[in-house]
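Commentary on secondary and tertiary structure
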Amino acid sequence: MINKFLGFEPDKDKLPSLTAKIGDDIDLSSHKYQKIWLGPNHPGVTGNMAVELWVQGNTVVKAKTHVGYLHRGFEKLIERRLFVQGFPTSIRMCVAEPDTNEYLIATCTEQLSGYDKAVPEMAKWLRMLSLEMARLQGLLRGVPGQGGTFALGLGVQWGVYLRDLILDRFEELTGARVYHMYIIPGGVRGLLPDGFKERMEDNLRDIDDFIIRIRKLMFHNSVFKKRAKGLARITPEMVDKYGIVGTNARGCGVKRDVRKDHPYLHYDQLDFDPPTDTDGDIYARTWVRWQELIQTVDLIRQIMAKMPEKGDIKAQMPNVLHWKIPKGETYVRLESGRGEYGMYYVTDGSEKPRRVNLRGPSYTHAIALLEDLLVGADVADVHAIMVSLQTCPPEIER
Amino acid sequence: MKNLIEKLTEDFKISDVVYQRPDLAFVTVPKGVAISLVTELRDYEGFSHFVMMSCVDWIEEGKFQLLYLLHNPKTKTDVGVKTFIDRENAEMASAHHLWKQVWTYQRELKEAFGIDFPGSPRVDENFVVEGWTEMPHMRRDFNTKEYSRDTYFPRPGRETNDPAEYMRKKLYPNEPITAKKQDNDK
C-alpha cells in the first residue's frame, strides 16, 4: 500500500526470480547467489554456533547448521569418571539451565542404584524449587531476548537485571550463581536460608511488574508484531515429524509438557495448565513463553507455600568413592524451559557409567528444523528464528 | 505396555525385554528387523515421537548397541528398541526416512563411533570435530588422556590433582587409604 503511494517497488522484486531448489544444486558461480556465514561469534543469544546461509538477494535459499565450536567431550569425560565426579561436568552441558542436568544425572543414578524411593520429601520440593528458579531465570532472558532480535533492546536490560536477582537467590541457596551443583544423588545440598522466602517474594513482585511492562513493550509494539507474526511458522503436523517439543510445540497448539505427561517430583500437586497458542509463528511462541513467565512465578509461590518447613534433605548414600551401580539402563526426562530434556544412562556394574547421552531439544530444533525454517526467510530474520527456537548449542555437541 | 510387547515378540523376534519403569521398556531385536519394528511402532502403535538415537560401545563383546527410543504421546509410554551390531565394519540400515531429525543422529554416530548408515543424507559430513583423523572419539578404546598428552603442550607451573585422591582427602579425611587408585587413564 505504502509502496504504491510512494510510487516505487521493493528492491527485492528486481532481483532474479527465486528459482533455486532446496538442495546442493545451488551454483554460486552463476552470481545469483551468495554465501554468508552467520556466527559462530554469538549470533543473538544462541552463541557458539554457525549457520551457513546461501542467499539470493535478501532471501535465504539454503541453510546449514555448524556446531563443534565448544565441543569438550562432556559425555566422554563423564564416562571416564566416578558417578559423583560426573556432576561438575554434566552441568556444563546446558549453560542456560544447568540445574536440569543435575536433576537428570542424579535421578538416573538413583533409579539404577535403587535409591530413587529414598529421596526425602523435603529434597523433592527443594529440587522442584531450584528447577523452577532455573526456568524463571531462563525466561527472564529468553522472553525479552526475542524482542532483542528485532532491535528491541530495552526489555533485555530489564530482564537481565531481574535475572541477576534470581541468581542472587541461587547464590544464597546453593553458594553459586550459574553452576549450582545443588541437586545431588539422594537429595539436595542444603535447606532454604533464613528469610529466603521473603526475599524471593520481593523479587517475584518485581518480576510481576516486569511481566506487565514487557507485555506493553513487546506485544503492543507494532514493529515486533509485524515482524514476528507469520514468521517461521511451525504446524502441528511438523511436531512429530521433526521431534519438536516444549514451547515450540505448544506455540502451534500441541500441548505437550513433561511435567503434566510424566509428572515427576511433586508436579502433580501443583495447580497449573501449560499455556498454548495456535499460530505456531514467532509471535505465538513468544506469547506462550510470556504466559509461562507468569506461570513460573506462580509455581514458585505454590512450591514455597506447600513445601514443608523442615525435613531431611538427603538420603543415606554409599561412599561415593566406592559406589558401584549394577548393570542397567534408563532414560529420564524433564520439562526444561526449551522442552523435553532427557538423559539416557547406561551402567555396567563398575564405578563409572558406561554411557551417558543427553537428549537436548536443540539437537532437533537447531539442526533439522532450523535448516528448513530458514529457507525462504529474510536474512534479517535469521537471528530471530534461531532465538525463537531457543537454540542452545552446548546441548547439541555435549 | 506388556500386551504390546507380547504381541510384537514373535513377529519381530524380540529376545530380551526389560521393564525399567511402568512407562519405559527396552527390547532387543536382531539387526535385520530393528528398522521394521521402529516403523511398526510409529505407524501402527502410536509411537510417533522419536526421542533419541544412541549407541553404547560394548568393546569386551566386540559389539555396538544401537538404541532407538520412541515415545507414544497418547499412552505416555516409551519403548527403547535395541539392536547389536559388530564393531568391525559397523553398518546399520538408515532410518532417516521415518523422522526428519534421524539423519543428524546418524551423522553424529558415524563420526563418533564410526558406524555407517548408507544412504543417510550428509552422513559423511563433519559434525563436531572438524578434520578429525584419529579413531572415532566416542569409542571405548580412544584414550582421551593419552591423546591430549600427545597433542597439547604441558603448562609449566600447573599443579594437577588426582580427582579421586582429592575427593578422598576432602570428603573422607579419616578414611584409611585402602581404595585402589582410580584409573582415569582409560
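Starting from 1, residues in each chain are numbered consecutively following that chain's sequence as written. Numbering of ligands from 1 and lettering of chains from A proceed in the order in which they are written. Reporting in this predicted model follows two pLDDT cut-offs: at least 70 for local features of residues, and 80 or more for side-chain atom pairs to be given and counted; totals over whole chains, interfaces and linings ignore these cut-offs and use all residues.

Some words on the overall build of chain A
Under the convention used in this document: Note on conventions: DSSP H or I runs of at least 4 residues are helices, E runs of at least 2 residues are strands, and numbering of each starts at the N terminus. To get the radius of gyration, use the C-alpha atoms; to get the globule rule, take the number of residues to the power 0.38 and multiply by 2.2 Å. With C-beta atoms placed from the backbone, a residue counts as buried when 20 or more other C-beta atoms lie within 10 Å of its own, as exposed when 12 or fewer do, and as partly exposed for counts between those limits. For every residue pair, C-beta atoms are placed from the backbone, and the pair is scored as a contact if these atoms sit within 7 Å.
Scanning chain A for helices and strands turns up 15 helices and eight strands. Taken over the C-alpha trace, chain A has a radius of gyration of 22 Å; the compact-globule value for 398 residues is 21 Å, and the two agree within 12%. Structurally, chain A occupies a C-alpha span of about 75 × 45 × 35 Å along its principal axes. Per-residue burial over chain A gives 52% buried out of 398 residues. A separation threshold of at least 6 residues defines the contact pool for chain A, and within that pool the share at least 24 residues apart is 70%.

Description of the sheet that holds strand E2 (residues 24-28) of chain B
All names here are of chain B. Quick reminder of the rule: Any two strands with at least two DSSP bridges between them are considered paired. For helices, the axis comes from a line fit to the C-alpha atoms of the stretch in contact; other axes are also lines fit to C-alpha atoms, and the angle between any two N-to-C directions lies between 0 and 180 degrees.
Spatially, E1-E2-E5-E4-E3 is the arrangement adopted by the five strands of the open sheet, whose pairing is mixed. Looking at strand neighbours, the two that pair on one side only are strand E1 (16-21) and strand E3 (49-58), the edges of this open sheet. For this sheet the average axis-to-axis angle between neighbouring strands, irrespective of direction, equals 20°. Judged from the 10 bridges that link them, strand E4 (residues 63-72) and strand E5 (residues 77-86) form a sheet pairing that is antiparallel. Bridge assignment links Leu66 to a residue of E5, and that residue is Thr83. Its contacts with the sheet place helix H3 (residues 102-113) against E3 and E4, and it is angled at close to 10° to E3.

Things to note about the interface of chain B and chain A
Counting residues at the interface gives 37 residues for chain B and 34 residues for chain A. Examining the composition of the side of chain B that touches chain A, we find that six residues originate from one element, E3 of chain B, more than from any other.

Digging into the environment of Val346 of chain A
Mapping Val346 of chain A onto the fold places it in strand E7 (residues 339-347). For the pair formed by Val346 of chain A and Thr109 of chain A, sequence separation is 237 residues and the distance between their alpha carbons is 9.4 Å. If we ignore the near neighbours within four places in the chain, the residues touching Val346 of chain A are Glu329, Pro353, Arg354 and Arg355 of chain A together with Val56 of chain B.

Focus: the nonpolar core
The criterion, for reference: Joined through C-beta atoms within 7 Å, a set of buried Ala, Val, Leu, Ile, Met, Phe, Trp, Tyr and Cys residues constitutes a nonpolar core. The split of the chain into domains comes from an automatic or database domain assignment.
Counting residues in each nonpolar core, the largest one holds 146 residues, and the members touching the most others are Ile385 of chain A together with Leu70 of chain B. With 13 residues, helix H5 (residues 121-148) of chain A is the largest single contributor of residues to this core. Taken together, domain 1 (2-66) and domain 2 (74-360) of chain A each give at least three residues to this core, which thus spans both.

A closer look at the confidence of the model for chain A
Selection rule: Scored from 0 to 100, pLDDT records how confident the predictor is in each individual residue.
With 92% of its residues at a pLDDT of at least 70, chain A reaches an overall mean of 87. Highest mean pLDDT in chain A belongs to helix H12 (residues 282-306) of chain A (95); lowest belongs to helix H1 (residues 2-6) of chain A (57).

Digging into the domain arrangement of chain A
According to the domain assignment, chain A consists of domain 1 (2-66) and domain 2 (74-360). On a C-alpha basis, the centres of domain 1 of chain A and domain 2 of chain A stand 35 Å from each other.

Re helix H7 (residues 196-219) of chain A
All names here are of chain A. To be explicit about the condition: Given a helix with a known number of residues, its expected span is that number minus one, times 1.5 Å.
For H7, built from 24 residues, the straight-helix expectation of 34 Å at 1.5 Å per residue is met to within 8% by its first-to-last C-alpha distance of 33 Å. For H7, the set of buried residues is Met200, Leu204, Ile207, Phe210, Ile214 and Met218. Packing partners of the buried residues in H7 comprise H5, helix H6 (154-174), helix H8 (222-228) and H12.

Some thoughts on the packing of helix H4 (residues 98-113) of chain A against H5 of chain A
Residue and element names in this part refer to chain A. As a reminder of what qualifies: Three categories are distinguished: nonpolar for Ala, Val, Leu, Ile, Met, Phe, Trp, Tyr, Cys and Pro, charged for Asp, Glu, Lys and Arg, and polar for the others, with Gly belonging to the last.
Following both chains from N to C, one finds H4 and H5 inclined at 150°, their axes separated by 8 Å at the closest point. Mapping the contact onto sequence places Asp99, Thr100 and Tyr103 in H4 and Arg127, Ser130, Leu131 and Ala134 in H5. Taken together, the residues of the contact of H4 with H5 break down into three nonpolar, two polar and two charged.

Brief notes about the sheet that holds strand E3 (residues 59-66) of chain A
All names here are of chain A. Read from one edge to the other, the open sheet built from three strands follows the order E1-E2-E3, with strand pairing classed as antiparallel. Both outer strands of the open sheet, strand E1 (34-38) and E3, are each paired with one neighbouring strand and no more. Between one strand axis and the next, the sheet turns through 20° on average, direction left out of account. Here strand E2 (residues 50-56) pairs with E3 via seven bridges, running antiparallel. Each residue of the ladder has a partner; that of Ala50, found in E3, is His66.

Some thoughts on H3 of chain B
If you check H3 of chain B, its first and last C-alpha atoms are 16 Å apart, about what 12 residues at 1.5 Å a residue would give, namely 16 Å. Burial within H3 of chain B is extensive, with 12 of its 12 residues counted as buried. Buried residues of H3 of chain B: Val102, Trp103, Thr104, Tyr105, Gln106, Arg107, Glu108, Leu109, Lys110, Glu111, Ala112 and Phe113 of chain B, and no others. Looking at the buried positions of H3 of chain B, the neighbouring elements they touch are helix H13 (362-373) of chain A together with E3 and E4 of chain B. Where H3 of chain B ends, the next residue or the one after it, Gly114 of chain B, has phi of about 80°, a positive value.

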